[in-house]
Amino acid sequence: MRWPVLLLLLAAAGAWHHFQGDAEPALHPDDPRITTGDDRIVMLAAEWCGYCRKQQGDFERASVRYRVLDVDTPEGDRAMQAMGVRGVPTTIIGQQVVHGYDTTELDRGLTRLGYRVY
C-alpha cells in the first residue's frame with residue numbers, strides 16, 4: 001500500500017492522531033484530571049500516610065484550596081486505578097501529576113497558581 005493511501009485511510013478512520021503521536025489519550029471517567037482543569041488541585045491521600053498528613057498541613061498553613069480523595073474509599077480507589085498510580089500522596093495540580101511528597105514539583109505547580117508553600 002502506498003503512503004498517501006495509508007494516510008487517507010488513517011485519517012478516515014480517526015486514527016491519524018495515533019500515527020502522528022500528537023493527541024492526548026482520553027482520560028478514564030474516574031481520573032481526577034477531568035475535574036481539575038488548569039487550576040484546581042486534588043490530592044489522593046490516606047489517613048494512615050504520614051507524608052499525606054505532612055503535605056495537608058503544608059497546604060492548610062498556606063491556605064491552598066484543594067480536594068482530598070481518600071484512597072481507602074471507593075471513589076479514591078477508582079481514581080487511583082484510573083490514573084494507574086500505586087502510592088500516596090499523589091497530587092494533581094491542574095494537569096500536572098506529582099508523585100509522593102516532592103516539594104520541588106509541588107512548588108512548581110503551586111507557584112504557577114499563585115500559592116507560596118515551600
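Quick caveat: nothing in here was measured; it's all calculated off a predicted structure.

Right, let's talk about the side chain of glutamine 96 for a bit. Secondary-structure assignment places glutamine 96 in strand β4 (residues 96-99). A polar side-chain atom of glutamine 96 sits 3.2 Å from the main-chain carbonyl oxygen of glutamate 105. Setting aside its immediate chain neighbours within four residues, glutamine 96 contacts Thr91, Glu105, Arg108 and Gly109.

On to helix α4 (residues 50-61). Owing to its 3.6 residues per turn, the α-helix brings residues three or four apart onto one side. Given a rise of 1.5 Å per residue, twelve residues ought to cover 16 Å, and the 17 Å separating the end C-alpha atoms of α4 matches this to within 8%. Restricting attention to buried positions, one finds in α4 the residues Cys52, Gln55, Gly57, Asp58 and Phe59. Remark: serine 63 follows α4 within two positions and exhibits a positive phi of approximately 55°.

Where strand β1 (residues 41-45) and strand β2 (residues 67-70) come together, four bridges link them in parallel fashion. When the sheet's bridge partners are listed, leucine 44 is paired in β2 with leucine 69. Following the backbone out of β1, through α4 and into the adjacent parallel β2, one traces a crossover that is right-handed.

This part is about unusual backbone geometry. A cis geometry characterises the amide bond from valine 88 onward to proline 89, with omega recorded as -5°. Assignment of secondary structure puts proline 89 in the loop between α5 (74-83) and β3 (90-93). Of note, serine 63 is a non-glycine position whose phi angle comes to about 55°, a positive value. Note on serine 63: relative accessible area 55%, which makes it exposed.

Analysis parameters
- Residues numbered from 1 in each chain as written.
- Predicted model: local features only at pLDDT ≥ 70, side-chain atom pairs only at ≥ 80, totals over all residues.
- Heavy atoms only, no water.
- Helix = DSSP H or I, 4+ residues; strand = E, 2+ residues; numbered from the N terminus.
- Polar contact = N/O pair within 3.5 Å; in protein donor to acceptor, adjacent residues only side chain to side chain.
- Contact = heavy atoms within 4.5 Å.
- Expected span 1.5 Å × (residues − 1).
- Buried < 20%, exposed > 50% of the residue type's maximum accessible area, 1.4 Å probe, protein only.
- Pairing = 2+ DSSP bridges.
- Right-handed = clockwise from strand over helix to strand, strands pointing away.

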